[in-house]
Amino acid sequence: MFVKSTSELTANGNWTPQEKALHEARIKAKAKRRLRRSSSRNSTSESLSESGEAAGGDPSALKGKVHNNDRKSRTGKGRGLPKKGGAGGKGVWGAAGMVYEVEEPDMQDPNYDESAQGDTVYETVVPEVEEKELEKMVNPIVQEYFEHGDTKEVEMLLKELNLGQHKYEVTSLAVSLSLEGKASHRELTSRLLSDLSGKMLSQSEMAHAFDKMLKELPDLILDTPEAPQMLGQFIARAIADHVLPMTFLDCYKGKVDCDHARVALDRAAVLLTMKREMVRLDNVWGVGGGLRPVKHLIKEMNLLLKEYLISGDISEAEHCLRDLEVPHFHHELVYEVVVMVLESKGDTATHMLMKLLQSLWKTGLITVDQMNRGFQRVYDELPEISLDVPHAHSIMETFVDLCFKESVITKQLRDACPSRSAKFVRAHDC
């Protein structure tokens, strides 16, 4: 059967009922196909206006492949709007006009950059000093303090250490070192405790340290037999300086079993009762070294020489000179010896004083510089001394020759004697 095409039927105008029905079916099928191909979003006026076409244009113009970047629904369903209001999809930061709040950086974020967070503040964290290392770190500071005597420097160095709960042991370490040292060291230690009290150490911490030392007295006396008496003096001085509470001694009444601790507490109680109105016990250790006034040192040296002339004990004189702790001032002792020789009557005192100088020279207590300086001071003041001692020049010559003969002074110092003539020098040199 031959079927005519639609164009031929239209041109001839002859339609049979079957042909007419077939033609209408073809038109309906074609319309359905067009309807399926075009989505509801492509038929809106917005999409047509963007493409520059009229709203009533030919539907065939919508034919073609759908773009991959088109965010409109391809299912033919929906309202024809973009997904998520245009804020979705890969690489999209959100909808137009959206304002984001400032988010705090997360330190747990793998991309977190500390240097990009503005000014970075770094803090030095000092670990707490362990009890085993405490003595190694504090002892050098205290020993150096015994040389310079600056409590502020000690306070600064201790603050740099994180002493933690062992801070109170600074007191016990300082006192223990001073017990093995000189009287001046103990005086410096008492001043250090007074300056640290209230700033670095409280009264309770000080009391804890002294309580520990009272318990350790059986061990301390092995190295320092006089430790109980010295510790008692430390306690008395600390109470007078308000380093320890006034009720410190009352806490031990009837509760002490150790004999050494009882001696220390009794010593402190006696010293406190000897002072009225709880004044500072500044003289509990004496005034050590160069802290003493010059007049006081001169008086002590004169007393030393007078006691020596009475007893004749050179070792005791040396011990007293060492206790003064003024090696830089030993030229004063030489000066006082020579003046005492000029003012003495008889040869006994002259020979005894010469022996004393000889012993001090050999033991190194008096150096060459100190010896020369002492004699030179007498040389310079000899004209004034001659006013009170007419025979000072002749006595000086005799004593200088005696000292040179016993190798107490040098030849240059002997020749520097102002009363010696050139003829006298040549006669002795021959």
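Residues numbered from 1 in each chain as written. Predicted model: local features only at pLDDT ≥ 70, side-chain atom pairs only at ≥ 80, totals over all residues. Heavy atoms only, no water.

Undergrad: Would you explain a positive patch on the surface in this entry?
TA: A contiguous patch of positive charge on the surface is contributed by Lys 28, Lys 30, Lys 32, Arg 33, Arg 34, Arg 36 and Arg 37. Relative accessible area serves as the criterion here: at 42%, Lys 30 is assigned to the partly exposed category. (Patch = residues over 30% accessible without salt bridge, like charges linked within 9 Å, V, L, I, M, F, W, Y side chains within 5 Å. Areas by Shrake-Rupley, 256 points an atom, 1.4 Å probe, with all protein chains shown as cover. Salt bridge = Lys/Arg side-chain N within 4 Å of Asp/Glu carboxyl O. Lys, Arg positive; Asp, Glu negative; His and termini not counted. Charge placed at Lys NZ, Arg CZ, Asp CG, Glu CD. Buried < 20%, exposed > 50% of the residue type's maximum accessible area, 1.4 Å probe, protein only.)

Undergrad: Please clarify how the confidence of the model for the protein chain should be interpreted in this entry.
TA: In low-pLDDT segments, the atomic positions of the prediction should not be examined closely. Per-residue confidence for the protein chain gives a mean pLDDT of 79, with 77% of residues at or over 70. Across residues 51-57 the pLDDT falls below 50, and counting only partners more than four positions away or on other chains, this stretch makes four contacts in the model. This stretch, residues 422-430, has a pLDDT under 50; its non-local contacts, to residues over four places away or in other chains, come to eight contacts. (pLDDT = per-residue confidence, 0-100. Contact = heavy atoms within 4.5 Å.)

Undergrad: Would you mind going over a negative patch on the surface with me for this structure?
TA: There is a patch of like negative charges on the surface, built from Glu 307, Asp 313, Glu 316 and Asp 323. Within the fold, Glu 316 resides in helix 13 (residues 314-324). Judged by relative accessible area, which is 40%, Glu 316 ranks as partly exposed. (Helix = DSSP H or I, 4+ residues; strand = E, 2+ residues; numbered from the N terminus.)

Undergrad: Could you clarify how one ought to interpret the packing of helix 4 (residues 131-148) against helix 5 (residues 151-159) in this entry?
TA: The packing of two helices is summarised by the inter-axis angle and the distance between the axes. One way to put it is that helix 4 packs onto helix 5 with a least axis distance of 9 Å and a crossing angle of 160 degrees. Judged on the interaxial angle alone, helix 5 and helix 4 are roughly antiparallel. Here helix 4 runs over helix 5; the crossing is right-handed. Contacts from Ile 141, Glu 144, Tyr 145 and His 148 of helix 4 reach helix 5 at Thr 151, Glu 153, Val 154, Leu 157 and Leu 158. Its residues placed into classes, the contact of helix 4 with helix 5 shows five nonpolar, two polar and two charged. (Axes fitted to C-alpha atoms, helices over the stretch in contact; angles between N-to-C directions. Parallel < 35°, antiparallel > 145°, perpendicular 65-115°, else oblique. Left-handed = near helix turned anticlockwise from the far one by under 90°. Nonpolar A, V, L, I, M, F, W, Y, C, P; charged D, E, K, R; others polar.)

Undergrad: Is there a simple way to explain the side chain of Arg 186 in this structure?
TA: Structurally, the position occupied by Arg 186 is in helix 7 (residues 183-196). One buried charged residue, Arg 186, remains without a salt bridge, the closest side chain of opposite sign being Glu 226 at 6.3 Å. A polar contact is formed between the side chain of Arg 186 and the backbone oxygen of Ser 178, at a distance of 3.2 Å. In this structure the side chain of Arg 186 is engaged in a polar contact, spanning 3.2 Å, whose partner is the backbone oxygen of Gly 181. Setting aside residues no more than four positions away along its own chain, Arg 186 makes contact with Ser 178, Leu 179, Gly 181, Met 230, Phe 234 and Trp 285. (Polar contact = N/O pair within 3.5 Å; in protein donor to acceptor, adjacent residues only side chain to side chain.)

Undergrad: What am I meant to see in the pattern of salt bridges here?
TA: The tally for this structure, following the rule as stated, stands at 12 salt bridges. Glu 187 is the salt-bridge partner of Arg 237, the closest N and O atoms lying 3.1 Å from each other. Within this pair, whereas Arg 237 is found in helix 10 (residues 227-240), its partner Glu 187 is found in helix 7, the two being separated by 50 residues in sequence. Each member of the pair, Arg 237 as well as Glu 187, is classed as buried. The closest approach of N and O atoms between Glu 332 and Arg 377, which form a salt bridge, is 2.8 Å. Separated by 45 residues along the polypeptide, Glu 332 in helix 14 (residues 330-343) and Arg 377 in helix 16 (residues 368-388) bring together distant segments of the chain. Among the residues examined, Glu 332 registers a relative accessible area of 3% and is labelled buried. The network of salt bridges with common partners includes Glu 187, Arg 191, Arg 237 and Asp 241.

Undergrad: Any chance you could explain the packing of aromatic side chains here in plain terms?
TA: Two descriptors summarise a pair of aromatic rings, namely the distance from one centre to the other and the angle between the planes of the rings. Per the counting criterion, the structure on display carries four aromatic pairs. For the pair Tyr 145 and Phe 146, a centre-to-centre distance of 6.1 Å together with 45 degrees between the ring planes defines the contact as tilted. By the burial criterion, Tyr 145 is buried, and Phe 146 matches it. Site record: aromatic cluster; members linked through ring pairs are Phe 375, Tyr 379 and Phe 399. It is Arg 377 that lies over the ring of Tyr 335; its NZ or CZ is 4.1 Å from the centre. Directly above the aromatic system of Phe 404 lies the positively charged group of Arg 414, at a separation of 4.5 Å from the ring centroid. (Phe/Tyr/Trp six-rings, centres within 6.5 Å; stacked < 30°, edge-to-face > 60°. Lys NZ or Arg CZ within 6 Å of the ring centre and 35° of its normal.)

Undergrad: Teacher, can you tell me more about helix 7 here?
TA: An α-helix turns once per 3.6 residues; consequently, residues spaced three or four apart project the same way. With 14 residues, helix 7 extends 20 Å from end C-alpha to end C-alpha; this agrees with the ideal 20 Å at 1.5 Å per step. Buried within helix 7 are the following residues: Ser 184, His 185, Arg 186, Glu 187, Leu 188, Thr 189, Ser 190, Leu 192, Leu 193 and Leu 196. Its buried side turned inward, helix 7 meets helix 4, helix 5, helix 6 (169-179), helix 8 (203-215) and helix 10. Remark: Gly 198 follows helix 7 within two positions and exhibits a positive phi of approximately 90 degrees. (Expected span 1.5 Å × (residues − 1).)

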